[in-house]
Amino acid sequence: MMLHPPSPGRPPPTPAKQKVIETEPETPHAVVDGSHRDLELTASGVAAYTKYECSTSEVKFRDTLMFQTRAFSFPLKNVGPIPLAYKWTALDQNENGTRDAMEPKSDAGSSCSVGKEVSPFSVTPASGVILVGQETNFTVRFSPLDLVDMQCMFRCNVPHLDQSCRPLDLKVQGLSLMPYCHFELEENNYLTMRQAETRGGLETRTGPAIDSATRVIEFHSRGIGVKNHKEFSIINPTASGYEFNWTPENSSIALFKCLTPRGYIAGGKKHDVAFDFTPTTLDLVESFWTFSIPSLSISLPFLLVGQSVEPAVNMDRAYVNFRSMFVGTQSQETVYLLNDESIPYHFAFTEQSCQFDGHSAQVLVEPMAGIIQPKTKLPIQIRFTAAQEREYSFNLLCQVKRKLKPLVLNVKAQGYAINTAITCKGPDGKEVDLRLDKAAKRVIDFKQVHVNEKSLWELCVYNHGLYSFEYKWTLSEKCLQPGGDGGQVIMMSLKGSDLTLSITNGPSIARPDIVIALRGQGVEPLVEFSFMEYNFGYSFLYRLDTPLNNAVLTITNKDTKDVSINCLYANKQAVDVDFEPKLLTPGESCEALVVFKPRDAIKYCEEVPFEINGLLRKTVVIRGEGTQTKIELVNPAQRTVNFGALRVNQTATKKVKLVNRSPIPVVFSVSIVPSSSVPALQADGVFSVSPSGELTLPPTAIKEIEVTFSPKSRVTQFSEEVTLECQGFPQPLFIVTGSCQGLEITLDSDHVPFGAVVLKSQSERRVLMHNSGDIGARFHWDAEKFVPDFSITPVEGYISPGMEVTFDIIFHPMSINPDIRYERLACHIEDADPLLLTLSGMCIEQVPLKDVIHFFTSVRGKEMRQLTISNKTNSTWLLKPIIDGEYWSGPESISIPPNQNHHYELTYQPLVMTPEPTKHQGSIFFPLPDGSGLLYNLLGTAEPPKQAGSVQQEIPCKTHHTELLAVKNWLKRPQRFKVIREVTKPEKLDRSVLLDGMDYIDVPALSKREYKLKFYSFKECSISAKITFRNEQTGEYLFYIVQIKFVPSGVIGTIELKTQVRKSVSHMLTIDNPLPSPVTVTTAINVPDISLPATFILGAQSMGNCMFEFLPLRVGDSTGKLTLSSSELGVYQYELHLVATPPALERAVHFTTNLGGSHQQQCRFISYAKGRTEYACKIDSNDFHVEKSINVASAGSSGTEASIEVTFEPSHLGDTQAILTISSPTGGDYTIPLHGHCLVPKPQGPFVIKAGATANISFKNVFGQITQFNFSVDNSAFMLKANSESIKPRKTYNIAITYDTKQADPSTAKVGKLVVTSQGSARSSGGISWTYYLKGVPHS
């Protein structure tokens, strides 16, 4: 086909669209190392042939006049699987025959033509693309320009057309007729519309009836008085010329004028004709005319129609509303004069329409007159100033040339003035008017307001005017805003601050600002602290049982409102604040006890914060310094003070100066407690210290202490400590030594009982005289007083210091006497008092001796024996037994009734032990009234003492405990016991256990004192100890057995942790080590989700931190115990409250494949399970497949990455969503979203089949139910064993295909296609097919 340029007068054909591909340049960029990532790009396509549906194959047009056009439309639908591209071409054409006729001319364009010249046939659109399932309408036009009888064949070229579809050919036929004349007039539908209006009763027209052959010439006038000119040509297509005439049918209508009422048109030529239309009204005007050719007797009716409309010159709006405006202010609006015509128009506003009410107000218009150009808009400025508070309305008139009526613009405005009033209401509820005149002073005084409280003033603004106004409140910059960092509060002062009310919608002259002065002061709550800083100064180091150094902080609410007080201080070892939160009413006070307990000789400074009303903080500073007690001798040489050797009743005084080296005064007392080993020193008045009682010694002051020694008897050389007692703790100050020389002559016994002596026999006893004094003396006995029953030798003599004299006393009774007693026998000592001696005995007849009675008991214990005495007489016996032996005792007398027996209880109570092989000896003699007697010999054995008591206690660890042990003195003189603390179990006492007490204890005669034994342990243990109180001089002792079990201290605190599963959270613990050496702490936890170091070290006398991490693997709440243990510090137990919330979803995994295919992806997750773990895998969709379980190795600190392969085998097209759940009782649950996208099946193959051979093509039923599938091939050379089969869900079926040998071509290969389609009710199986390409090859 050849394309030719269009003929003159015809529009050019529409150019065909071309596809343009341009490559967009890549944006400049830089590649970051290591940022590359491989992405899997899945591409799919469909290879198929195009198919169409079209029911039209031939178009035959009716006879058509030259210069006219007829059209026919038909659809074309794309029924194939791919877009259909088309292009129309003409195959041939044929011309013959002519036919005469005279009809108007019609033009038409062509998109597809045929022949060497322009074809009268065309098809549009000529080319394009029809999408799958869509259809396109095509139009065939017949536009003859000459006399033709023509037919044409158009073909629609479609690439890749399916072999089953025939090529689309369209046969077109048409015949044209030639008229006598042709008028080149525009087509219109005036007659059709006129007839419709007449039939519908919309309009009634008068005049002659209108012939259907009448041609219409329309005039459209813009405005009146305008001459409208129209020209057109008359063509004579014949070969002969003729004359023509134009004749009006109604000469009364002079609005139309023909400028060429007659003329001549040569053959094959044309002639121009012109008409003018000048309207005077806007009505529709019709004028009937006749065109005639006299020579041919042809006449044609014409109707000239004139329609006048106003020029399209208008305002863009009909009114301007300035609305409410302040009096005296000018407002401006812009309106536009629009000219939609193609010619310019003159306009002018009338001056009178701009005035109002006798020129009291005027609208200013700019410009007032001018010319508006065609197709433009002209801005008109409208300005107005309100002079009074009233409504204004103007109708502005704008005269536009050629318009019958002027344009009207309505302008409205409302003038108003500001008329306002302000009242304020304070906290007391009283309402006050604020004057608004310029001279008025407007003040709002908040007075004093507590920090964190509000004082409210309500301001009411009244608008007494006719219109609303907008206002705005602003504060001056001088107003300070409350704020601050770190919880501090900045006092707010409103001095110099103003509150301004501004009217925002009016000129400043009409809306003066109203300024209100603000006054007020933010103050703290009036809470008085008795002190804000307290300095304890120097304080002695804190020890147990010492008086506490404290201060009382009094807090008083001096305000008029309640205030809350809370102490935020955490007590420490050195400073302890005892305070409970309290709400203080006005005038109420409370106290906080501040205790200063320095542990080291350092300076202390602690800030004790108090919170008032939950916001304001007041800090009380506590200072102090620990110091040691330092009372020392001025002269260190006086560490030992020697009184020398004195005589009895001689007095000596020594002075010792003490100095206070401590920085603070020391209250102390000085005393001396003589040792019990020297009884003479314990007498009253022997020692005295002056001054006595408590003494106060200021720093660096010197105090003189006098120690007086005034012995009353001889005192051997002694050495005693003078002790200083301060804060309940004694300490040695200095030592005093000395002696007292004198006579000290004593008898070892002042009573010598001889017991029963048989008549005419004698008994001898020895009495020792001992001179423990420092000088010798003479002595002599009154020998005459010993006779007749006793005698003593030597009677006189001299005893030297330190010497002993043995006296032999013989009892030789002269007669039987049950009671022989010589009392107060004197031994005269030179320069000393005589010594007195008592002798007793009894003289009996000789009687047989009884057996020896043996006694066994522990020292200070008792053993009693009963001696049976029988009274066989008829009189009552009153017996006074005579006991010989220091440690035996019994009733002084007994009464035995006649003829009865009496049991006499003899008690053995030794006060000293009997070392082997010695025994205590004694006897008891019962003198009988008849002169006879009963004599018993006694032997006593005193064994070591039994325990004085036992103590068994269970004490919580880290708790101080004091046990009181009673120490009893069994002697008649004071005793000093040395305390021996012996731990029997364990063999070696751990340094974390404290067992302490005083080393000595003094007990007065025949009394008891309590000994304080102190225990403390950092850790759990059991100790057994023997506490012995031993008299170092006599060796006698008593002891206690103490068994202490230190039990766990219990839970120290509770730690709460909350986090998501597999999201760790940490916590820090702080442990204090008060020991002087580093310790190792071992941790233990019964929660597997807690990770913490097995051990950590605490430095000596320091605080250490232990951080642990909570990484839960399963959702839920749990509890546990965290134990920190140390061999030195014991066990610290913490209770754990753990909350594990559900985890977030894992990263989604996306799958894409074709229906019938599969796509494998690795789903990865991080396992934190300790130890090899088996995870169960489950998916909630049948389109995804995964192994039932996966084994994951033990995880490290950061977890172990594991992956499992998931296969996506879709059963329907589109998207599929599923959840993969990976769970383990120990490793927790993982939730991984799976997103699958299924595409249409892709063709597969080619499958090569040799001639005569059979191939099995594996096909799988991807649906979830039994489905019937049909098999078909498009080439008969390939034969199917079965054309259909029912396949079980997700099962594979082998389709057998044989390549027929008879149809095989030995030289070339044949191709074919196997199509599998589904039947049944599968959810997405409708319309889905699987394609397998086949290739048959020769057998060779």
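Only a predicted model underlies this, so the values are computations on that prediction, with no experimental measurement involved.

## Points about the overall build of the protein chain
Line of reasoning, step 1. Scanning the protein chain from N- to C-terminus turns up 1 helix and 104 strands.
Line of reasoning, step 2. A compact globule built from 1340 residues would reach a C-alpha radius of gyration of about 34 Å, whereas the protein chain, at 69 Å, exceeds it by more than 25%.
Line of reasoning, step 3. Overall, the C-alpha framework of the protein chain stretches about 220 × 120 × 70 Å when taken along its three principal axes.
Line of reasoning, step 4. A separation of at least 24 residues holds for 69% of the contacts in the protein chain among residues at least 6 apart in sequence.
Line of reasoning, step 5. Put simply, the protein chain shows about 73300 Å² of open surface, and 49% of that area lies on carbon and sulfur atoms.
Line of reasoning, step 6. Charged side chains in the protein chain number 129 positive and 139 negative. The centres of these two groups are separated by 5 Å.

## Focus on the sheet that holds strand β82 (residues 1065–1073)
Line of reasoning, step 1. Across the sheet, 3 strands lie side by side as β82-β86-β84; this open sheet has antiparallel pairing. Only two strands of the sheet have a single neighbouring strand rather than two, namely β82 and β84 (1090–1091).
Line of reasoning, step 2. For β84 and strand β86 (residues 1102–1110), the ladder comprises 2 bridges, and the chain directions are antiparallel. Bridge assignment links S1091 to a residue of β86, and that residue is E1109.

## Observations regarding the pairing of strand β27 (residues 376–385)
Line of reasoning, step 1. As paired strands, strand β22 (residues 330–339) and β27 are joined by 10 bridges and run antiparallel to one another. Bridge pairing in β27 places V335 opposite I380.
Line of reasoning, step 2. Strand direction decides the pairing type here: strand β25 (residues 361–366) and β27, joined by 4 bridges, are antiparallel. Residue pairing for β27: V365 is matched across the bridge by I382.

## Section: the confidence of the model for the protein chain
Line of reasoning, step 1. When the pLDDT values of the protein chain are averaged, the result is 82; 91% of them are 70 or greater.
Line of reasoning, step 2. Element-level mean pLDDT values for the protein chain span from 70 in helix α1 (residues 190–200) up to 93 in strand β7 (residues 127–130).
Line of reasoning, step 3. This stretch, residues 93–116, has a pLDDT under 50; its non-local contacts, to residues over four places away or in other chains, come to 96 contacts.
Line of reasoning, step 4. Confidence drops under pLDDT 50 across residues 1321–1325; counting only partners more than four residues distant or on other chains, this segment forms 10 contacts.

## What to know about the sheet that holds strand β74 (residues 961–968)
Paired through backbone hydrogen bonds, the strands of a sheet run either parallel or antiparallel to each other.
Line of reasoning, step 1. The strand order across the open sheet formed by 3 strands is β74-β78-β76, and the pairing between neighbours is antiparallel. Either end of the sheet is taken by a strand with one partner, and the two such strands are β74 and β76 (993–996). For this sheet, the mean angle separating the axes of adjacent strands, direction not counted, is 20 degrees.
Line of reasoning, step 2. Looking at chain direction, β76 and strand β78 (residues 1008–1017) are connected through 4 bridges and run antiparallel. Residue L994 lies in a different strand from β78, and its bridge partner there is Y1016.

## Focus: the nonpolar core
Line of reasoning, step 1. Counting 34 residues, the largest nonpolar core has L658, F668, F687, F709, F734 and V736 as the members making the most contacts within it.
Line of reasoning, step 2. Per-element tally for this core: the top contributor is strand β53 (residues 715–726), with 5 residues.
Line of reasoning, step 3. Those residues in contact with V736 that sit more than four places away from it in its chain are V641, F643, I672, F687, V707, F718, S719, E720 and V722.
Line of reasoning, step 4. Counting 29 residues, the second-largest nonpolar core is a separate cluster that includes F347, F349, F394 and A413.

## Examining the environment of A683
Line of reasoning, step 1. As for its position among the elements, A683 is in the loop between β49 (666–672) and β50 (687–690).
Line of reasoning, step 2. In sequence terms A683 and V59 are 624 residues apart; their C-alpha atoms lie 160 Å from each other.

## Let's talk about the state of the cysteines
Line of reasoning, step 1. All told, the structure shown has 0 disulfides when counted by the stated rule.
Line of reasoning, step 2. Counting only cysteine sulfurs, C590 is the nearest neighbor of C567, a cysteine outside any disulfide, at a range of 10 Å.
Line of reasoning, step 3. The cysteine C957 is free of any disulfide, with C1021 supplying the nearest cysteine sulfur at 6.8 Å.
Line of reasoning, step 4. Judged by relative accessible area, which is 3%, C957 ranks as buried.

## Digging into the packing of aromatic side chains
Line of reasoning, step 1. Following the criterion strictly, the structure yields 66 aromatic pairs and no others.
Line of reasoning, step 2. Both rings, one in Y471 and one in W473, keep their centres 6.5 Å apart while their planes meet at 75 degrees; by these two values the pair is edge-to-face.
Line of reasoning, step 3. The exposure class of W473 is partly exposed, given its relative accessible area of 30%.
Line of reasoning, step 4. Consider the rings of Y534 and F536, whose centres lie 4.7 Å apart with planes at 70 degrees: the pair is edge-to-face.
Line of reasoning, step 5. Through a chain of ring-to-ring contacts, the aromatic side chains of F183, F232, F244, W246, F275, W289, F291 and F302 assemble into a single cluster.
Line of reasoning, step 6. Its guanidinium or amino end placed over the ring of F1039, K1026 lies 4.6 Å from that ring's centre, counting from NZ or CZ.

## Quick look at unusual backbone geometry
Line of reasoning, step 1. The amide bond that connects E916 to the next residue, P917, takes the cis arrangement and shows omega of 0 degrees.
Line of reasoning, step 2. The topology assignment puts P917 in the loop between β70 (900–908) and β71 (920–927).
Line of reasoning, step 3. With omega at 0 degrees, the peptide bond leading from K985 into P986 counts as cis.
Line of reasoning, step 4. One can find P986 in the loop between β75 (975–985) and β76.
Line of reasoning, step 5. Phi is positive for K375, which is not a glycine, with a value near 55 degrees.
Line of reasoning, step 6. Here K375 shows up in the loop between β26 (369–372) and β27.

## Considering the environment of N771
Line of reasoning, step 1. Looking at where N771 falls in the secondary structure, it is placed in strand β57 (residues 763–771).
Line of reasoning, step 2. Given a relative accessible area of 0%, N771 falls into the buried group.
Line of reasoning, step 3. Separated by 389 residues in sequence, N771 and Q1160 place their C-alpha atoms 119 Å apart.
Line of reasoning, step 4. When near neighbours in sequence (up to four residues on either side) are disregarded, N771 contacts E744, I745, G776, I799, S800, P801, G802 and M803.
Line of reasoning, step 5. Within the local environment of N771, its side chain forms a polar contact with the backbone oxygen of I775, the two atoms lying 2.9 Å apart.

## Notes on a nonpolar patch on the surface
Line of reasoning, step 1. On the surface, V46, L1213 and V1240 cluster together to form a nonpolar patch covering roughly 240 Å² of accessible area.
Line of reasoning, step 2. Counting through the fold element by element, V1240 comes out in the loop between β96 (1228–1239) and β97 (1244–1250).
Line of reasoning, step 3. Owing to a relative accessible area of 46%, V1240 belongs among the partly exposed residues under this scheme.

What counts, and at which threshold
What you see as residue numbers is a count from 1 along each chain, following the sequence as written. Reporting of local features is limited, given that this is a predicted model, to residues whose pLDDT is at least 70; pairs of side-chain atoms are given and counted only at 80 or more, and all residues count toward the totals for whole chains, interfaces and linings. The side-chain quantities take in all heavy atoms of the structure and omit both hydrogens and water. Secondary structure elements are taken from DSSP: a helix is a run of H or I of four residues or more, a strand is a run of E of two residues or more, and numbering for both begins at the N terminus. The globule rule used for comparison is 2.2 Å times the number of residues to the exponent 0.38, while the radius of gyration itself is calculated over C-alpha atoms. The contact rule is simple, with two residues in contact once any of their heavy atoms fall within 4.5 Å. Here the accessible surface of atoms and residues is derived via Shrake-Rupley with a 1.4 Å probe, and residues count as covered only by protein chains that are part of the display. Positive charges come from Lys and Arg, negative ones from Asp and Glu, while His and the chain ends are left out of the count. All charge positions are set by atom: Lys at NZ, Arg at CZ, Asp at CG, Glu at CD. Two strands qualify as a pair provided DSSP detects at least 2 bridges between them. A score from 0 to 100, pLDDT tells how confident the predictor is in each residue. Only the stretch in contact is used when a helix axis is fitted, and all axes are lines through C-alpha atoms; the angle between N-to-C directions ranges over 0 to 180 degrees. Buried Ala, Val, Leu, Ile, Met, Phe, Trp, Tyr and Cys residues that are joined via side-chain atoms within 4.5 Å together make up what is termed a nonpolar core. The buried label goes to any residue with under 20% of its type's maximum accessible area, the exposed label to any with over 50%, and the partly exposed label to all in between, with areas taken from a 1.4 Å probe on protein chains only. Any cysteine sulfur atom paired with another within 2.5 Å is treated as part of a disulfide. Only Phe, Tyr and Trp rings are paired, with Trp represented by its six-membered ring, and only when their centres lie within 6.5 Å; those with planes under 30 degrees apart are stacked, over 60 edge-to-face, the remainder tilted. Here, over-ring charges are defined by two tests on the NZ atom of lysine or the CZ atom of arginine: distance to the ring centre within 6 Å, and angle to the ring normal within 35 degrees. What qualifies as a polar contact is a pair of N or O atoms within 3.5 Å, subject to a donor-acceptor requirement within protein and to the restriction that residues adjacent in sequence count only when both atoms come from side chains. Note on patches: the residues involved have over 30% relative accessible area and no salt bridge, like charges join within 9 Å, and the nonpolar side chains Val, Leu, Ile, Met, Phe, Trp and Tyr join within 5 Å. Should a side-chain nitrogen of Lys or Arg be within 4 Å of a carboxyl oxygen of Asp or Glu, the pair is scored as a salt bridge.

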